[in-house]
Amino acid sequence: KMVRALQAGLQPILCVGDRLVDKQHGHAQRHVQDQLEAALHNVTADELDQIVIAYEPVWAISSGDGHGNFSTPRDVEKMVGYIKMVLRSRYGADSSKVRIVYGGSVNAEN
């Protein structure tokens, strides 16, 4: 899907995230890495500047009732750092072309 979107001239936004069970069992990073590897399998380094990655932990997406779970800035920094490491291991210096954004819920405290 990623390659097809790029071929069509679109700027794809790849949403990756972990579930609460992944976080609770220490598998959040592996879960996100598996998503990245699957989605970027055929993407070349030359195409990276056309891609946005949104880290959206499923457990931190609010239902709109104000009672959802929220990531701390440290949670987000840690996962974004891990995503950057995964990209660096695959693409080297070209990995810095990818923009990474946070897509979970926020509140006044975070």
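Refer to the structure presented above.
In this report, we go over the structure that sits alongside the text. Every chain is numbered on its own, with residues counted from 1 as its sequence reads. Owing to the predicted nature of the model, reporting of local features is limited to residues with pLDDT of at least 70; listing and counting of side-chain atom pairs is limited to 80 or more, with chain, interface and lining totals taken over all residues. To obtain the side-chain values, all non-hydrogen atoms of the structure were included, while hydrogens and water were left out.

1. With respect to the packing of aromatic side chains
Where we set the bar: Note on aromatic contacts: the rings of Phe and Tyr and the six-membered ring of Trp form a pair at centre separations within 6.5 Å, being stacked when their planes are under 30 degrees apart, edge-to-face when over 60 apart, and tilted otherwise. Only runs of H or I of at least four residues qualify as helices and only runs of E of at least two qualify as strands under DSSP, and these elements are numbered from the N terminus. Only protein chains enter the accessibility calculation, which uses a 1.4 Å probe; a residue whose area is less than 20% of its type maximum is buried, one above 50% is exposed, and one in between is partly exposed. By definition, being over a ring means that NZ of Lys or CZ of Arg is both within 6 Å of the ring centre and within 35 degrees of the ring normal.
Within this structure, the stated rule accounts for one aromatic pair. Each ring, one from tyrosine 55 and one from tyrosine 102, has its centre 6.3 Å from the other, and the planes form 50 degrees; the classification is tilted. Placement of the pair is tyrosine 55 in strand S2 (residues 52-55) and tyrosine 102 in strand S3 (residues 99-102), with a sequence separation of 47 residues. A relative accessible area of 25% places tyrosine 102 in the partly exposed class. Positioned above the aromatic ring of tryptophan 59 is the side chain of lysine 23, whose terminal nitrogen or guanidinium carbon lies 4.0 Å from the ring centre.

2. Side note on the pairing of strand S1 (residues 13-16)
Counted only if it meets this: Strand pairing is assigned whenever DSSP detects at least two bridges linking the two strands.
Where burial is concerned, the two faces of S1 differ: the one with Leu14 and Val16 is buried and the one with Ile13 and Cys15 is not. Across four bridges, S1 lies against S2 in parallel orientation. Opposite isoleucine 13, over in S2, you have valine 52 as the bridge partner.

So yeah, pure geometry; function would need other evidence.
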